[in-house]
Each structure stands twice: as structure tokens, then as C-alpha cells.
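Next come the chains, spelled out residue by residue.
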Amino acid sequence: MTAFVTGGAGFLLAVLWFDLMFDVQTLGQREDDLPEDVLASIAGYYGRVTTRARPMNRLVSLMMLGTIVSVLIQLVRDESPNWASWASLVLIGSAVVLAGAHTFRAAVRLGRRTDPVEGQSRLARSILRDHLFCLVAIVTVLVLQLGFAR
């Protein structure tokens, strides 16, 4: 199952990388409101990938679920040290919960551009924070799986 866990985590890491290529535009912007060109770039990206890319955008959710299921199977089959599998499950689970509870909704909302500039700026910055957390979680899962799996 380690191959499935690392494959799923690798896919999610690639998706995060693409998201972060847009999110990082918020860094270094000291003003409360992000410049229009930055907002347009980030919002345009999230408008495409969250709503206009159907049904392909569902693949990310499927991979999240598949990765969680793979870790659960790994635990049941006792294929890796329990602590590594449990840590992987907590990390993947927390990233998935954050994505489902906040990040995806914020990205859809930002992609619609219906909020005032101040609200769009807050959404863009919160998406970056979420993605940075998820990046650390997914990279840690990969380290655990590649370093400690049997």
C-alpha cells in the first residue's frame, strides 16, 4: 500500500505546487488590499480549476479519498510501523478536512470575484496559509512513507 499512499501524496503535492504558483503572488504585498493584477491572476486560476474544470476537478477529491483509504488499508494490514501510518493518517486527514471545510470554498468564492477587493484579498491570503499547511503535511507524509514503510 505504500506505493498507493506515496502515489496519492505525490499527486496532491503536484496539485499544491500549481496552486502555490498563484498563491505566492500575495507574498510581499504589504497593503491590506492586493493589487488588481494579483487578484485577477489568482482569482482567474481558481475560477478555472474549481468550477469551470468539471469534471476533472473531481479528480483531486478522489485522490484525497484514495490516499486516506490507502493509509487505512496500510494500518489494517500492518504494512508499516503503526506510528508512521497513524501520523500519515492524521496529516492527510487534517489537510483533507482543511481543504474541504475552508480552502475549496474560499477558492470558489475568490474565483467568482463577488466580494469587495478587501474580502478577495483576505480570501487569497487565507488560501495561501491553508496551502502552506497542506504542503508541510503532504511532504511529511511522503518522508514518513518513503523513510519508514516496509
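Our subject is the structure listed above.
Residues numbered from 1 in each chain as written. Predicted model: local features only at pLDDT ≥ 70, side-chain atom pairs only at ≥ 80, totals over all residues. Heavy atoms only, no water.

> Looking at this model, I keep getting lost on the overall build of the protein chain. Mind explaining?
Looking only at helices and strands, the protein chain has five helices and zero strands in total. Across the protein chain, helices and strands are ordered from the amino to the carboxyl terminus as α-α-α-α-α. Each principal axis of the C-alpha distribution contributes one length, and for the protein chain these read about 50 × 35 × 20 Å. Looking at the 150 residues of the protein chain, the share that counts as buried comes to 41%. (Helix = DSSP H or I, 4+ residues; strand = E, 2+ residues; numbered from the N terminus. Buried < 20%, exposed > 50% of the residue type's maximum accessible area, 1.4 Å probe, protein only.)

> What is the right way to look at a nonpolar patch on the surface in this model?
A grouping of W17, F18 and M21 is seen on the molecular surface, where their side chains present a nonpolar patch of about 370 Å² in accessible area. Its place among the elements puts F18 in helix α1 (residues 2-23). Judged by its relative accessible area of 47%, F18 falls in the partly exposed class. (Patch = residues over 30% accessible without salt bridge, like charges linked within 9 Å, V, L, I, M, F, W, Y side chains within 5 Å. Areas by Shrake-Rupley, 256 points an atom, 1.4 Å probe, with all protein chains shown as cover. Salt bridge = Lys/Arg side-chain N within 4 Å of Asp/Glu carboxyl O.)

> Looking at this structure, I do not really get the layout of surface pockets. What am I missing?
In this approach the atoms are scanned with a rolling probe the size of a water molecule, which exposes any empty space left behind. Of the voids in this model, the largest pocket is the one considered here, and its volume is about 750 Å³. What lines the largest pocket is a set of 29 residues, among which V15, D19, V60, M64 and F104 lie closest to the centre. Looking at the lining of the largest pocket, the elements with two or more residues in it are α1, α2 (36-52), α3 (58-76), α4 (82-112) and α5 (117-148). A total of eight residues in the lining of the largest pocket trace back to one element, the largest contributor, which is α4. Partitioning the lining of the largest pocket into residue classes produces 21 nonpolar, six polar and two charged. (1 Å grid on protein atoms, 1.4 Å probe; cavity = no way out; pocket = protein on both sides within 12 Å on 5 of 7 lines; lining within 4 Å. Points joined across faces, edges and corners; volume = space filled by probe spheres on them. Nonpolar A, V, L, I, M, F, W, Y, C, P; charged D, E, K, R; others polar.)

> Teacher, can you tell me more about the nonpolar core here?
Most often, soluble globular proteins keep nonpolar side chains buried together rather than apart. With 17 residues, the main nonpolar core has A9, L89, I92, I138 and V141 as its most contacted residues. Those elements giving two or more residues to this core turn out to be α1, α3, α4 and α5. Of the residues forming this core, the biggest block, five residues, is contributed by α5. Once residues lying within four places of it in the same chain are set aside, the contact partners of I138 are A9, L12, L13, L16 and I92. V38, Y46, A107 and A124 belong to the second-largest nonpolar core, a separate cluster that totals 13 residues. (Core = buried A, V, L, I, M, F, W, Y, C linked by side-chain atoms within 4.5 Å. Contact = heavy atoms within 4.5 Å.)

> I tried to follow the side chain of T67 on my own but got confused; where do I start?
Position of T67 relative to the elements: it lies in helix α3. The exposure class assigned to T67 is buried, which follows from its relative accessible area of 0%. For T67, the contacting residues outside a window of four places in its chain are V5, G8, A9, L12 and I92.

> Would you mind going over the environment of M56 with me for this structure?
Within the secondary structure, M56 sits in the loop between α2 and α3. Sequence separation between M56 and G111 is 55 residues; the distance between their C-alpha atoms is 17 Å.

> Mind showing me how you'd approach the packing of aromatic side chains here?
For any pair of aromatic rings, geometry is given as the distance between the ring centres together with the angle between the planes. Taken as a whole and assessed by the stated rule, the structure comprises three aromatic pairs. Ring geometry for F22 and Y45: centres 4.1 Å apart, planes at 10°, overall stacked. Of this pair, F22 sits in helix α1 while Y45 sits in helix α2; the two residues are 23 residues apart in sequence, bridging distant segments of the chain. In this structure Y45 comes out as buried when scored by relative accessible area, which is 9%. The interplanar angle of 65° and the centroid separation of 4.8 Å between the aromatic rings of W83 and F148 together place this pair among those described as edge-to-face. Taken as a pair, W83 in helix α4 and F148 in helix α5 lie far apart in primary sequence, 65 residues in all. A relative accessible area of 48% means that W83 is categorised as partly exposed. (Phe/Tyr/Trp six-rings, centres within 6.5 Å; stacked < 30°, edge-to-face > 60°.)

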